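Examination of the molecular architecture
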Amino acid sequence: MRPAEMSRPWPARTGAGIVLLVALVAALCAAILLPYFMARWWANIPVLAFLSVASFFLTLWLGGRLCAHLWGANAGARFATQAAGVLTVVFAISLYWLVLKPTPDPGNPAPFENTRYWRLPTGSRIAYSEIDPPPGVAIKPDPVVYVHGGPGVRQFHFDQTIYGSLAKEGFKVFLYDQAGSGLSDFLPNIRDYTIGRAVEDLEAVRKEIGADKMILVGHSFGSTLVASYMAKHPGHVAKVIFHSPGHIWNLHNEQIDVSRTDVKETPFPSLRLVAALLLTDQNPDAAQNLVSQREAEGLLIPLEDAQSGSLVCKGDSNRLPEDFAAFRTTHANPGINGYLVQYMFPQTLLAAEDPHEALRKDHTPAILLYPECNYVPWSGAVDFRKTMPNLKIYYIPHAGHYIQFEQEDLMRRIMIAFLLDQPDVIAPVRGDADPRS
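These lines cover the structure that appears in this document, whether it is placed above or below. (Residues numbered from 1 in each chain as written. Predicted model: local features only at pLDDT ≥ 70, side-chain atom pairs only at ≥ 80, totals over all residues. Heavy atoms only, no water.)

Digging into the state of the cysteines
Our working definition: When the sulfur atoms of two cysteines come within 2.5 Å, that pair is taken as a disulfide. The helix and strand labels rest on DSSP assignments: H or I over at least four residues marks a helix, E over at least two residues marks a strand, and numbering proceeds from the N terminus. When a residue's accessible area, from a 1.4 Å probe over protein chains only, is under 20% of the maximum for its type it is buried; when over 50% it is exposed; and in between it is partly exposed.
All chains considered together, the criterion is met by 1 disulfide. With a sulfur-sulfur separation of 2.0 Å, cysteine 313 is cross-linked through a disulfide to cysteine 373. Torsion about the S-S bond of the cysteine 313 and cysteine 373 cystine: about 100°, corresponding to right-handed handedness. Of the two residues, cysteine 313 sits in the loop between helix H10 (293–307) and helix H11 (322–330) while cysteine 373 sits in the loop between strand S7 (366–371) and helix H14 (378–387), which places them 60 residues apart along the sequence. When its relative accessible area of 2% is taken as the criterion, cysteine 313 is described as buried.

Here it is in structure tokens:
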């Protein structure tokens, strides 16, 4: 070190060190924010990556010049260039490995033995399963159609088990994967995943199965979708079952509470997946150019594995069905599309599509099943009851978000009694107070 540099007072040297740290933080912020906002106009990932690396280098270089000046180092430009260059190389390598490097193809979800396909007039190719009444059992006129949640989840074997059992009572039962999830085809652009599109797909399903009226079962977000369908297509629902629903609309107000569940610590998601989901806010094309819908399914696998305990009560992970045990062992792709969650939830903030007003005039017989260990709030159940004039709520003790995992028999008996116009199996909830308290 030269004498001129040694003579700099310690406050200046301390200030130089602080400036360098601030410059590093500012460079990281610039490298994230500039491509994020520029993605609104550019969907080209190499261009956005170049902007990220260039903004990192430039910000750090300017900070290095100021640091050298405060320290009193000669050849400040050379110091700034060398320091910025080395750190930029480290940043560029990290950016590639953490965000830009594609991950292995997770493969297609495995089909069921009874998987079939509809090619709907909406353009969606939909995978479905049909379970018919046994021979000799008279078929009732209104089929049962199961609408899964998520958005972006799918129907599973355990859904076929609980809802398929209704076929013994004479109901044809249909379970389908909504567009972009499970075994159904992806839509070409994630912009196409709208609640309106999902509603029209469901209406096309009704026509495909030749039913004037359907009995709809909506689980979780599927209840929100069913509510929107009933508002848009009144008169085509004979009865409806809402299973562990959230609010009818404005889902961003929901306060998720996993304290009663058996969820373990959730790992932080892949930075590549986080980057893609964040890009959907600016430009869905850029998000899809970074991470395809199939790859996004694969990146969700560790999260879905870790969060499976949220579906049952505390200490009841051993009650999860075999689907989950096999899933944990093989890490096979279950077909859950994270883009649908990111892109469809914000639509529930659009007042123009809010179904509340239409549902206040809908007297369709309805029941709502709310489990004790549900992670979605009780206020969602109250929202349904205050809106739908002919709805009963049944509180299911010691059960989680999928009630059938812990209370399959009780759930089945409640549904059958409702569908066959039999007396209540258990007393419905009176009042708005949370029964868990």
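Quick notes on the packing of helix H5 (residues 157–164) against helix H15 (residues 404–419)
For any two helices packed against each other, the geometry comes down to the angle between their axes and how far apart the axes lie. Where we set the bar: Only the stretch in contact is used when fitting a helix axis, every axis being a line fitted to C-alpha atoms; angles between N-to-C directions are given from 0 to 180 degrees. Any angle that falls under 35 degrees is termed roughly parallel, while one over 145 is termed roughly antiparallel, one within 65 to 115 roughly perpendicular, and all others oblique. Note on definitions: a residue-residue contact is assigned when non-hydrogen atoms from the two residues lie within 4.5 Å. When residues are grouped by polarity, Ala, Val, Leu, Ile, Met, Phe, Trp, Tyr, Cys and Pro land in nonpolar, Asp, Glu, Lys and Arg in charged, and all others, Gly among them, in polar.
Packing of H5 against H15 leaves a shortest axis separation of 10 Å and a crossing angle of 30°. Considered as vectors, H5 and H15 are oriented roughly parallel to each other. Residues Phe158, Asp159, Thr161, Ile162 and Tyr163 of H5 touch H15, and the partners they reach there are Gln404, Phe405, Glu408, Met411, Arg412 and Met415. For the contact of H5 with H15, a count of residues per class yields 6 nonpolar, 2 polar and 3 charged.

Side note on the packing of helix H6 (residues 195–208) against helix H7 (residues 221–232)
The N-to-C vectors of H6 and H7 enclose an angle of 75°; their axes lie 9 Å apart at closest approach. When the axes of H6 and H7 are compared, the pair comes out roughly perpendicular. Contacts between H6 and H7 pair Ile195, Ala198, Val199, Glu200, Leu202, Glu203 and Arg206 from the former with Phe221, Leu225, Ser228, Tyr229 and Lys232 from the latter. Within the contact of H6 with H7, the residues separate by chemical class into 7 nonpolar, 1 polar and 4 charged.

Re the nonpolar core
Rules: Buried Ala, Val, Leu, Ile, Met, Phe, Trp, Tyr and Cys residues form a nonpolar core when they are joined through side-chain atoms within 4.5 Å.
Counting 114 residues, the largest nonpolar core has Trp118, Tyr163, Leu216, Phe242 and Leu369 as its most contacted members. With 8 residues, H15 is the largest single contributor of residues to this core. Residues contacting tyrosine 163, with those up to four places away along its chain left out, are Tyr146, Val173, Leu175, Val217, His243, Met411 and Met415.

Details of the pairing of strand S6 (residues 237–243)
What counts, and what does not: Only strands that DSSP links by at least two bridges are regarded as paired with each other.
With 7 of its 7 residues buried, S6 lies for the most part within the structure. Sheet topology places strand S5 (residues 214–219) next to S6; 6 bridges connect them, and they run parallel. Counterpart to glycine 218 in the pairing with S6 is phenylalanine 242. The sheet contact formed by S6 and S7 spans 4 bridges and is parallel. Counterpart to valine 240 in the pairing with S7 is alanine 366.

Some points on helix H8 (residues 271–282)
For the record, the criterion: Each residue after the first adds 1.5 Å to the expected span of a helix. Definition of a polar contact: a pair of N or O atoms within 3.5 Å, with one able to donate and the other able to accept a hydrogen when the atoms are protein atoms, and with sequence-neighbouring residues admitted only if both atoms are side-chain atoms.
With 12 residues, H8 should reach 16 Å at 1.5 Å per residue; the first-to-last C-alpha distance of 17 Å fits that figure. Listing the buried residues of H8 in full gives Arg272, Leu273, Ala276, Leu277, Leu279, Thr280 and Gln282. For H8, the capping residue at the N-terminal end is serine 270, with a side-chain oxygen 3.1 Å from the backbone nitrogen of arginine 272.

Quick look at a nonpolar patch on the surface
Heads up, the condition is: Each patch is built from residues that are more than 30% exposed by relative accessible area and take part in no salt bridge. Like charges join if they lie within 9 Å; nonpolar side chains (Val, Leu, Ile, Met, Phe, Trp, Tyr) join within 5 Å. The accessible surface values rely on the Shrake-Rupley method and a 1.4 Å probe; as for residues, cover is taken only from the protein chains in view. By salt bridge we mean one thing: a side-chain nitrogen of Lys or Arg within 4 Å of a carboxyl oxygen of Asp or Glu.
Nonpolar side chains collect at one region of the surface, where Val89, Ile93, Tyr96, Trp97, Leu98, Phe268 and Leu271 lie side by side and expose about 760 Å² of accessible area between them. Take the nonpolar patch: its biggest share by element is 5 residues, from helix H4 (residues 76–100).

Points about the pattern of salt bridges
A full pass over the atoms with the stated rule returns 19 salt bridges. Of the charged contacts, one joins aspartate 409 and arginine 413 as a salt bridge, the two residues approaching to 3.1 Å between their closest N and O atoms. Separated by 4 residues within a single helix, aspartate 409 and arginine 413 lie in helix H15, roughly one turn from each other. Using a relative accessible area of 40% as the deciding quantity, one classes arginine 413 as partly exposed. One connected set of salt bridges, linked through shared partners, spans Arg116, Glu130 and Lys172.

Description of the sheet that holds strand S3 (residues 144–147)
Reading across from one edge, S1-S2-S4-S3-S5-S6-S7-S8 is the order of the 8 strands in this open sheet, with mixed pairing throughout. The open sheet terminates on both sides in strands that have one partner only, identified here as strand S1 (115–119) and strand S8 (391–396). Pairwise comparison of adjacent strand axes, ignoring direction, gives a mean angle of 25° for this sheet. Across 5 bridges, the pairing between S1 and strand S2 (residues 125–131) is antiparallel. For arginine 119, the partnering residue across the bridge sits in S2 and is arginine 125. Each of S3, S5 and S6 touches H7; the most contacted strand, S5, lies at about 145° to it. Against the sheet, H14 contacts S6, S7 and S8, and its axis sits at roughly 160° relative to S8.

Re the packing of aromatic side chains
What counts, and what does not: Working definition: rings of Phe, Tyr and Trp (its six-membered ring) pair if their centres are within 6.5 Å, and the pair is stacked with planes under 30 degrees apart, edge-to-face with planes over 60 apart, and tilted otherwise.
Counted under the stated rule, the structure contains 13 aromatic pairs. Ring centres 3.7 Å apart and planes at 5° place the aromatic pair tryptophan 118 and tyrosine 128 in the stacked group. Taken as a pair, tryptophan 118 in strand S1 and tyrosine 128 in strand S2 lie far apart in primary sequence, 10 residues in all. For the pair shown, tryptophan 118 and tyrosine 128 are each scored as buried. Aromatic pair phenylalanine 158 and phenylalanine 405: ring centres 4.8 Å apart, planes at 85°, arrangement edge-to-face. With a gap of 247 residues between them, phenylalanine 158 in helix H5 and phenylalanine 405 in helix H15 connect regions that are remote in the sequence.

Details of the environment of threonine 59
Relative to the assigned elements, threonine 59 resides in helix H3 (residues 45–71). In this structure, the C-alpha to C-alpha distance between threonine 59 and glutamate 408, residues 349 residues apart in sequence, is 59 Å. If near-sequence neighbours (up to four positions away) are discounted, threonine 59 is found in contact with Ala23, Ala26, Ala27 and Ala30. A polar side-chain atom of threonine 59 sits 2.8 Å from the main-chain carbonyl oxygen of serine 55.

Thoughts on the environment of isoleucine 126
Among the secondary structure elements, isoleucine 126 is positioned in strand S2. On the basis of relative accessibility, which here comes to 0%, the residue isoleucine 126 falls in the buried class. Between the alpha carbons of isoleucine 126 and glutamine 178 there is a distance of 6.7 Å; along the sequence they are 52 residues apart. If we ignore the near neighbours within four places in the chain, the residues touching isoleucine 126 are Arg116, Tyr117, Trp118, Leu120, Tyr176, Asp177, Gln178, Ala179, Ser184 and Asp201.

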